[in-house]
Each structure stands twice: as structure tokens, then as C-alpha cells.
Amino acid sequence: MALDLASSESGHYVSLNQQGIKKCSVMSVIGNPTNIFWHESTVEKAERQKLINQQGCVVWITGLSGSGKSTLACSLNRELHSRGKLSYVLDGDNVRHGLNKNLGFSPEDRTENIRRVGEVAKLFADAGLICIASLISPYRKDRESCRAMLTDANFIEVFMNMPLEVCEKRDPKGLYKLARAGKIKGFTGIDDPYEPPLNCEIKIEQNNGICPSPRDMAGQVVSYLDENGFLHA
Ligand SMILES: Nc1ncnc2c1ncn2[C@@H]1O[C@H](COP(=O)(O)OS(=O)(=O)O)[C@@H](OP(=O)(O)O)[C@H]1O
Ligand SMILES: Nc1ncnc2c1ncn2[C@@H]1O[C@H](COP(=O)(O)OP(=O)(O)O)[C@@H](O)[C@H]1O
């Protein structure tokens, strides 16, 4: 049986095998990586974008549960696809089934949830895709951190400005009901805060009490992307 001993302070790695022979080598310190270097790709982002005739970016959809984030994300994805544009949806609910399945809804876990999705979205944008991230992302500072990961123009924040009453009336998963009954603690909008964006690029809201259709919501985002040059290389 081999025995591995690691010293995180020295960065040395000591291994004893069955014959008691010691091996020493250097490793990255866990939790505070050292000895890692950025490796440049030989294919540049501009070349990838030219290939697919679009500009990589992140469309970040934020809003209360039930405000229509997933509906807009799906509709936008379909609309872009029909125009021959490559997009991909990162939906909070879905990402929490895999990459983020170890995270709950404490403020710290939500922050980590947003940070990870922000990093993945940044990679998709670098690949040249229009990455549609759809998460409650309730805290302003977390969304601002994601914005800071990209150049400002490539982070397009879409605020689903739906009144809580509308979201609660929709309640497609019955979660508001559970939250009101005290059976879910820390539910956004009920007993956990939602901080609306101060400077978002796009706001989706009701007109005279009527919510725009999914197609119209998507149309609003497509117009922005088109007018700002994202739909051509
Ligand atoms: N406590 C609490 N607060 C808010 N939402 C809750 C909670 N518990 C479970 N859910 C369900 O989880 C979905 C939100 O996941 P997100 O990853 O988007 O949330 S967050 O951005 O980390 O706040 C959210 O999905 P949507 O309804 O699509 O927004 C809810 O269905
Ligand atoms: N533009 C809209 N008009 C009418 N109903 C909508 C609209 N957008 C979403 N909905 C409905 O509201 C509910 C919540 O939408 P959803 O996209 O799941 O919200 P979220 O992802 O923000 O939780 C769903 O039942 C959906 O069909």
C-alpha cells in the first residue's frame, strides 16, 4: 500500500511505496493554485466568430421566479436558431442538476452558483456563441462580477421586470405557495431579497398590465443584438 503525504505549505509531495522508497516532487497547492500558466490558443476568437458570422456575447436574464426567464431564454434560442445564429441556454434550474448540484440557496451558495455560470458563459462567449444565461441571480454584486468577467459591451443584462404579484399568481411550480406557508425558507421575493438592476441593457415589462408574448420578448432582445452588431462577424 502506498502512503501519500502532501504539505500544502511547502508545495512538496512525499510518497512512500511498499519498499519504503520516498519520492519527492512539486505540486500545485490545493485551494491556492500555483505553477499554472495561461496557454494561448492558435485559433483566435475573431477567427471563430468569422467562421459562424456572429459575435460571442452573454445575454444574462435576471428576475424573480416565475417572471418568464426560461420562457424568454427558450424563445430567444429558437429565434436565433431560425436566423442561423448559434446560441446556447444555461438555465439555473438545469445547471443545478449537474455542475452546481452541490449548491443550495444560502447567499454564499447563490453567489457561487452565479460565479460558476458566469465563468462558463464567458467560455461560451469566447467560443463565439451567444450564451443565454437564465438565473434569478438576485444579488447585484454577483451580476456585476459576471459583467466584469467580460468586456462591458459583451454582457447584456435583461431584467424581467414583472411584479411579484404576477409571478406569484403564475406560480407554475407551486413554490410561492410553499414559501408563503413557511415550508421553503429564504425564497426570493418572499423572505430573501431581489435587487433589481440599476443599469441593465434591456427591460422586459408589462404594457398596460399586459405581458408581451414570448415571441415579442425575444424580438426585443434580437433587435438589441442586431442593432449592436452581434449578429454579424
Ligand atoms: N429558495 C429559493 N429561492 C428561489 N428559487 C428557488 C428556491 N428554492 C428553489 N428554487 C427554484 O430554483 C430555481 C432558481 O435557481 P437559480 O439558480 O436561478 O437561483 S439563484 O440565481 O442562485 O438565486 C427557481 O427556478 P425559476 O422558478 O425558474 O426561477 C426555483 O424553481
Ligand atoms: N410572456 C409571457 N406571457 C404569459 N405567460 C408567460 C410569459 N412568460 C412566461 N409565462 C408563464 O409564466 C410561468 C413562468 O415562466 P418561466 O419562464 O418558467 O419563469 P422563470 O424561468 O422566470 O421561473 C410559466 O407558466 C410561463 O408559461
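To be clear, the structure that these remarks concern was listed above.
Residues numbered from 1 in each chain as written. Chains lettered and ligands numbered in written order. Predicted model: local features only at pLDDT ≥ 70, side-chain atom pairs only at ≥ 80, totals over all residues. Heavy atoms only, no water.

**What to know about the layout of surface pockets**
Line of reasoning, step 1. Size it by volume and the largest pocket reaches roughly 680 Å³.
Line of reasoning, step 2. If you list the elements that add at least two residues to the lining of the largest pocket, you get helix H2 (69–82), helix H3 (92–95), helix H4 (107–127), helix H6 (164–170) and helix H7 (175–180).
Line of reasoning, step 3. A breakdown of the residues in the lining of the largest pocket according to their chemical character gives eleven nonpolar, twelve polar and nine charged.
Line of reasoning, step 4. Counted as a void, the second largest pocket has a volume near 440 Å³.
Line of reasoning, step 5. Contributing to the lining of the second largest pocket are 17 residues, with Trp38, Lys45, Arg48, Lys122 and Asp126 lying nearest its centre.
Line of reasoning, step 6. Among the elements of the structure, helix H1 (45–52) and H4 are those that each provide at least two residues to the lining of the second largest pocket.
Line of reasoning, step 7. Counting residues per element, the lining of the second largest pocket draws most heavily on H4, which supplies five residues.
Line of reasoning, step 8. Partitioned by chemical class, the residues of the lining of the second largest pocket number six nonpolar, four polar and seven charged. (1 Å grid on protein atoms, 1.4 Å probe; cavity = no way out; pocket = protein on both sides within 12 Å on 5 of 7 lines; lining within 4 Å. Points joined across faces, edges and corners; volume = space filled by probe spheres on them. Helix = DSSP H or I, 4+ residues; strand = E, 2+ residues; numbered from the N terminus. Nonpolar A, V, L, I, M, F, W, Y, C, P; charged D, E, K, R; others polar.)

**Description of the site of ligand 1**
Line of reasoning, step 1. Neighbouring ligand 1 are 20 residues, the closest being Ser65, Arg96, Arg110, Asn113 and Ser137.
Line of reasoning, step 2. In the environment of ligand 1, an oxygen atom lies 2.7 Å from a nitrogen or oxygen atom belonging to the side chain of Asn113.
Line of reasoning, step 3. In the environment of ligand 1, an oxygen atom lies 3.0 Å from a nitrogen or oxygen atom belonging to the backbone of Ile136.
Line of reasoning, step 4. In isolation ligand 1 offers 630 Å² of accessible surface; the protein chains occlude 92% of this area. (Near = heavy atom within 4 Å. Polar contact = N/O pair within 3.5 Å; in protein donor to acceptor, adjacent residues only side chain to side chain. Areas by Shrake-Rupley, 256 points an atom, 1.4 Å probe, with all protein chains shown as cover.)

**Some words on the site of ligand 2**
Line of reasoning, step 1. Near ligand 2 lie 15 residues; those nearest to it are Gly66, Lys69, Ser70, Thr71 and Pro212.
Line of reasoning, step 2. In the environment of ligand 2, an oxygen atom lies 2.7 Å from a nitrogen or oxygen atom belonging to the backbone of Gly66.
Line of reasoning, step 3. Within the backbone of Ser67, a nitrogen or oxygen atom sits 3.2 Å from an oxygen atom of ligand 2.
Line of reasoning, step 4. Alone, ligand 2 offers 560 Å² of accessible surface; in the complex the protein occludes 71% of this.
Line of reasoning, step 5. Counting only elements with at least two residues in the shell around ligand 2, the list comes to H2 and helix H8 (214–227).
Line of reasoning, step 6. Top element by residues in the shell around ligand 2 is H2. It accounts for three residues.
Line of reasoning, step 7. Partitioning the shell around ligand 2 into residue classes produces six nonpolar, seven polar and two charged.

**A few points about the pattern of salt bridges**
Line of reasoning, step 1. Tallied over the entire structure, the rule returns 13 salt bridges.
Line of reasoning, step 2. Here Arg116 makes a salt bridge to Glu112, at a shortest N to O gap of 2.8 Å. Here the residue Arg116 and the residue Glu112 both occupy positions in helix H4, the gap between them amounting to four residues, near one helical turn.
Line of reasoning, step 3. Judged by relative accessible area, Arg116 falls into the buried class, the value being 18%.
Line of reasoning, step 4. Because the salt bridges share partners, they merge into one network encompassing Arg143, Glu144, Arg147, Asp152, Glu157 and Glu201. (Salt bridge = Lys/Arg side-chain N within 4 Å of Asp/Glu carboxyl O. Buried < 20%, exposed > 50% of the residue type's maximum accessible area, 1.4 Å probe, protein only.)

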